[in-house]
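# Inside the fold
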There are 2 protein chains.
Amino acid sequence: MRPHETIKPQKRKIRRGIGGMDLGAKSAGIKDIAKALNVSIGTVDRAIHDRTGVSERTKSKVLKMAEQLGYKPNLAAQALKLNRQLSIAVVLPKHISHFFDPLRAGIRDAAADNMGMQVSLEFFEYPRLGVGDVKAFSGMMERHFDGVIFLPGDARKFDSVIRKLSKAGTAMMCVGSDAPNTDRVGSVSAHASISGAIAAELIAHKLPQKANVVVFSGELSTLDHAEKLRGFAATLAVQSPHLTLLPALESHERPKEAYRQAMSLMEKGNHPQGVYVSTANSLPVLQALEELGLLGKVQIVTTDLFQDLVPLIESGKVLATLYQRPYTQGKVAFENLLAYLLKGSRQEMVVRLAPHIILRSNLSLFSSRATRPDEDPDEDLS
Amino acid sequence: MRPHETIKPQKRKIRRGIGGMDLGAKSAGIKDIAKALNVSIGTVDRAIHDRTGVSERTKSKVLKMAEQLGYKPNLAAQALKLNRQLSIAVVLPKHISHFFDPLRAGIRDAAADNMGMQVSLEFFEYPRLGVGDVKAFSGMMERHFDGVIFLPGDARKFDSVIRKLSKAGTAMMCVGSDAPNTDRVGSVSAHASISGAIAAELIAHKLPQKANVVVFSGELSTLDHAEKLRGFAATLAVQSPHLTLLPALESHERPKEAYRQAMSLMEKGNHPQGVYVSTANSLPVLQALEELGLLGKVQIVTTDLFQDLVPLIESGKVLATLYQRPYTQGKVAFENLLAYLLKGSRQEMVVRLAPHIILRSNLSLFSSRATRPDEDPDEDLS
DNA sequence: TTGAAAGCGTTACCAT
DNA sequence: ATGGTAACGCTTTCAA
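On a predicted model such as this, the values are computed, not experimentally measured, just so you know. (Residues numbered from 1 in each chain as written. Chains lettered and ligands numbered in written order. Predicted model: local features only at pLDDT ≥ 70, side-chain atom pairs only at ≥ 80, totals over all residues. Heavy atoms only, no water.)

### A short note on the overall build of chain A
Broken down by element type, chain A carries 14 helices and 13 strands. Across the 382 residues in chain A, those meeting the buried criterion constitute 53%. For chain A, contacts bridging at least 24 residues in sequence account for 69% of all contacts bridging at least 6. Working note: accessible area of chain A is about 17400 Å², and carbon and sulfur atoms make up 53% of it. (Helix = DSSP H or I, 4+ residues; strand = E, 2+ residues; numbered from the N terminus. Buried < 20%, exposed > 50% of the residue type's maximum accessible area, 1.4 Å probe, protein only. Contact = heavy atoms within 4.5 Å. Areas by Shrake-Rupley, 256 points an atom, 1.4 Å probe, with all protein chains shown as cover.)

See below:
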């Protein structure tokens, strides 16, 4: 038989493409190419993966044939052979658990149903947003990880850490907030300024008359919180000039502080008619309003969803809450980090999720998550 | 060297588990179990997969050891070995493309980034919701598919088809709507009655006074549309008794009809103050309102997102639109169908996605999809 | 520069 | 009922 034009197995072709109107998808393997060219599969591999040890001539020959035959690598075989394993660290606060628990669950799930990859996850926790983070990080840094998923709090504190770890070859992925202008490989968060904007629009729907509104925030030094405020203020200014925004209140995530602030502001005669609580820590504020008998009278938009919020939304005492989709955030963060680690996606991967607007009418679709925080949520959450 | 007890490489154990505070996840393979029990890997395989040819005794022994060692199958190897290939047909209308194109894209993407599985997708199209579907189906049924993704329109028409194909061993997955009480293996859709409920709540926010409201629907024989109406009516009755719901209008997805209906209803003096268009075909209705000078005066909630809607939302002429997340629907439908086909998930997989509420303030997060309908959307759409 | 062959962890088949 | 082993498609090492 002639060297070219070999008798490639003609029967086997049958297994591919059931035929018909669908183009492409012919799918040839590495050995189909080898056979067609009468070279060894080793050579084909070298050519395709741009390895050393192939003459330019054969390389281009192989590449062309690969194209022609529609080569598609068998990912399963590839994964099996190079049984790579990655180590990924997750450094997140323990508090507030109704946010970070599902976030961690999302990471875990994404890691789990990622086949062909031996991923070792390791979780590091610290008490809350500003406290203990440094210690958690230094604990983590004693070992080497291929990537770390973390929440960038105060920018000044985290910038140097990110830089240092990145230099050491660790891929840094932000979740919950972002740290722009650093070496992080990407970030996943709910779109903060749009969250603020939505809150403003919803409150404005219910306040057609002149009125005051106020924002209860957490840490304005966290980019995320600052942006929410900005979005709220901007939307108010543009869409609802009849509403006046009072100076924002910053609780630094301390419940007592939040309660005190809410009390002193709202007990006055001309209290604001609209309230946006842009931190997940809305309970103290709500409690103050409750005690003042203002629930149901004031238009309230909160952040996140948790057990105690459910009845308040159900009864219409809270107009809406903006759900930041922690589970999805975790899932996407992991998937993108993995994509970066494997395929080296070069583009800056900044994902800003659309927050879900939870009202009385669609609460039932979400309330299960608030009840059982550690459960594996269905896709309808994504 | 002896046949048993070969000089297995002892160093390799090091690759597993980088150690530390994280429980579980040790990851043992099938041959680890075999080794620990001094049986062959064949036996282990039989036990684990509940195959014939193992004594109860060894089977339970193996199962226990698997548990103890934390057996986790190597999915890559599994996929490689049983190089199964599935054929999946997708039967969907061509119209309305701003809904079905991204839906198809979601299916394609889900199929693409599913590794280790040779999936052949085949698309069948028919003109629109009630027309040509029968022909498309019979064309498809000339060949055998392992699964088909389709939109169940009129229940009576589809029931028998679903039954017939199911009996023939084809897994039927509904998308866009559901067909309960049939043999379908699952469904993915936006939660219809909650869509209606949201529309009612949003309109009520803006209509604190006594007023009439109306629903423009498509095909009330399609479950999806009927449920939207039901949700709307129920929420209105419970939450906003001051609003009166006029009899619903059914356009049968004919633009002319919808326009005519809108015109004749709205030109009257005491026209409704709130309008919910529960079909994606909202343009004719909007055009009628525009011509009557009612845009901006009447509270309108629409369905889906497309190019022409963007400026209307931006300018506040449309209060909100309920985005049914076609891309995510397609993606999830495919993933669930695949899971069923592979793992034989036994539970009825009915996924009801939470529709995204698109307002003026968060429109920018979605409008890209309306502009370039065939593009691969980011995760922020999910 | 190239070819040949050993494995990766499973499954499936043929012995025993 | 059980053990042994070939093969899945790829990467990698060792020879030629």
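### Some details on the relation of the copies chain B and chain A
Laying chain B over chain A is done by rotating through 179 degrees and shifting 0.4 Å along the axis; what remains is an RMSD of 0.8 Å. Considering both components of the superposition, the chain copies are consistent with a two-fold axis. Residues of chain B ranked by C-alpha distance from the rotation axis are headed by Ala76 of chain B, positioned 2.0 Å from it. Both copies share a contact surface, since 100% of the interface residues of chain B are interface residues in chain A too. (Least-squares fit on C-alpha atoms with pLDDT ≥ 70 in both.)

### What about a negative patch on the surface?
A contiguous patch of negative charge, built from Asp113 and Glu335 of chain A together with Asp113 and Glu335 of chain B, is present on the exposed surface. In this structure, Glu335 of chain B sits in helix H13 (residues 326-343). The partly exposed category is assigned to Glu335 of chain B, whose relative accessible area is 33%. (Patch = residues over 30% accessible without salt bridge, like charges linked within 9 Å, V, L, I, M, F, W, Y side chains within 5 Å. Salt bridge = Lys/Arg side-chain N within 4 Å of Asp/Glu carboxyl O. Lys, Arg positive; Asp, Glu negative; His and termini not counted. Charge placed at Lys NZ, Arg CZ, Asp CG, Glu CD.)

### Details of the packing of helix H10 (residues 255-266) of chain A against helix H11 (residues 283-291) of chain A
All names here are of chain A. The N-to-C vectors of H10 and H11 enclose an angle of 35 degrees; their axes lie 8 Å apart at closest approach. Between H10 and H11 lies a crossing whose hand is right-handed. Contacts between H10 and H11 pair Pro255, Ala258, Tyr259, Ala262, Met263 and Met266 from the former with Pro284, Val285, Gln287, Ala288, Leu289 and Glu291 from the latter. A class-by-class count of the residues in the contact of H10 with H11 yields 10 nonpolar, one polar and one charged. (Axes fitted to C-alpha atoms, helices over the stretch in contact; angles between N-to-C directions. Left-handed = near helix turned anticlockwise from the far one by under 90°. Nonpolar A, V, L, I, M, F, W, Y, C, P; charged D, E, K, R; others polar.)

### Notes on the protein's contact with DNA strand C
Around DNA strand C sit 29 residues in total, of which Thr43, Thr58 and Lys81 of chain A together with Ile30 and Asp45 of chain B are the nearest. Within 4 Å of the protein, atoms of DNA strand C come from sugar and phosphate in 67% of cases. Backbone polar atom of Ser55 of chain A to a phosphate oxygen of DNA strand C: 2.8 Å apart, as the coordinates give it. A distance of 3.3 Å separates a phosphate oxygen of DNA strand C from a polar side-chain atom of Gln78 of chain B. Among the secondary structure elements, those contributing two or more residues to the surface near DNA strand C are helix H2 (41-48) and helix H4 (75-81) of chain A together with helix H2 (41-48) and helix H4 (75-81) of chain B. Broken down by element, the surface near DNA strand C gets its largest block of residues, four residues, from H2 of chain B. By residue class, the composition of the surface near DNA strand C is nine nonpolar, 11 polar and nine charged. (Near = heavy atom within 4 Å. Polar contact = N/O pair within 3.5 Å; in protein donor to acceptor, adjacent residues only side chain to side chain.)

### Some remarks on the interface of chain B and chain A
Opposite the 56 residues of chain B that make contact, chain A presents 56 residues. The interface formed by chain B and chain A includes zero salt bridges. Where chain B meets chain A, there are four residue pairs in polar contact (both at pLDDT 80 or more). For the side of chain B that touches chain A, the elements supplying multiple residues, two or more each, are H4, strand E1 (85-93), strand E2 (118-126), helix H8 (192-206), H13, strand E12 (349-353) and strand E13 (356-358) of chain B. Sort the elements by how many residues they give to the side of chain B that touches chain A and H8 of chain B lands first, with seven residues. For the side of chain B that touches chain A, the per-class residue count stands at 25 nonpolar, 20 polar and 11 charged.

### Quick notes on the environment of Ser315 of chain B
Residues and elements named next belong to chain B. Summarising the element assignment, Ser315 is placed in the loop between helix H12 (309-314) and strand E11 (320-323). Ser315 sits in the partly exposed class, given a relative accessible area of 41%. Once the C-alpha coordinates of Ser315 and Lys135 are considered, the two residues, 180 residues apart in sequence, prove to be 43 Å apart.

### Considering the domain arrangement of chain A
Residues and elements named next belong to chain A. Its domain assignment divides chain A into domain 1 (5-12 + 78-188 + 326-353) and domain 2 (192-323). If you average the C-alpha positions of domain 1 and of domain 2, the two centres end up 32 Å apart. Taken together, the 15 residues of domain 1 in the interface contact 13 residues of domain 2. Buried area between domain 1 and domain 2, both sides added, is near 1000 Å², and the carbon and sulfur share of it is 53%. Run the count over domain 1 and domain 2 and you get one salt bridge. The salt bridge involving Arg352 is made with Glu227; its shortest N-O contact spans 3.2 Å. Our count for the domain 1 to domain 2 interface comes out at one residue pair in polar contact (both at pLDDT 80 or more). Among the residues forming the side of domain 1 that touches domain 2, the class breakdown is seven nonpolar, four polar and four charged. (Domains from an automatic or database assignment. Buried area = accessible area lost by both parts, 1.4 Å probe.)

### Brief notes about the sheet that holds strand E4 (residues 171-175) of chain A
Residues and elements named next belong to chain A. The strand order across the open sheet formed by six strands is E2-E1-E3-E4-E5-E12, and the pairing between neighbours is parallel. Strands with a single pairing partner mark the edges of an open sheet, and in this sheet they are strand E2 (118-126) and strand E12 (349-353). Strand after strand, the sheet turns through a mean of 15 degrees between neighbouring axes, direction not considered. The pairing of strand E3 (residues 147-150) with E4 spans four bridges and is parallel. (Pairing = 2+ DSSP bridges.)

### A word on the packing of helix H1 (residues 30-37) of chain B against helix H3 (residues 56-69) of chain B
Residue and element names in this part refer to chain B. With their axes 10 Å apart at the nearest point, H1 and H3 run at an angle of 120 degrees to one another. The orientation of H1 relative to H3 falls into the category oblique. The interaxial crossing formed by H1 with H3 has right-handed handedness. Between H1, through Asp32, Ile33, Ala36 and Leu37, and H3, the contact on the second element is made entirely by Lys61, Val62, Met65, Ala66 and Leu69. Looking at the contact of H1 with H3, its residues break down into seven nonpolar, no polar and two charged. (Parallel < 35°, antiparallel > 145°, perpendicular 65-115°, else oblique.)

### Let's talk about the packing of aromatic side chains
Under the counting rule described, the total for this entry stands at 14 aromatic pairs over all chains. Each ring, one from Phe99 of chain B and one from Phe100 of chain B, has its centre 5.1 Å from the other, and the planes form 85 degrees; the classification is edge-to-face. Of the two residues examined, Phe99 of chain B and Phe100 of chain B, each falls in the buried class. The structure contains a cluster of three or more aromatic residues connected by ring pairs, namely Phe137, Phe150 and Phe158 of chain A. Geometry around Phe123 of chain B places Arg108 of chain B over its ring, the cationic atom sitting 4.6 Å from the centre. (Phe/Tyr/Trp six-rings, centres within 6.5 Å; stacked < 30°, edge-to-face > 60°. Lys NZ or Arg CZ within 6 Å of the ring centre and 35° of its normal.)

### Some words on H2 of chain A
Residue pairs three or four apart in sequence face the same way in an α-helix, which turns once every 3.6 residues. Residues and elements named next belong to chain A. If you check which residues of H2 are buried, you get Thr43, Val44 and Ala47. Summarising the axial view, the buried residues of H2 lie within an arc of 100 degrees, below the 170-degree limit, and thus occupy one face. Here the buried face of H2 lies against helix H1 (30-37) and helix H3 (56-69). Just past H2, the residue Asp50 takes up positive phi, approximately 60 degrees. (Arc of directions from axis to C-beta.)

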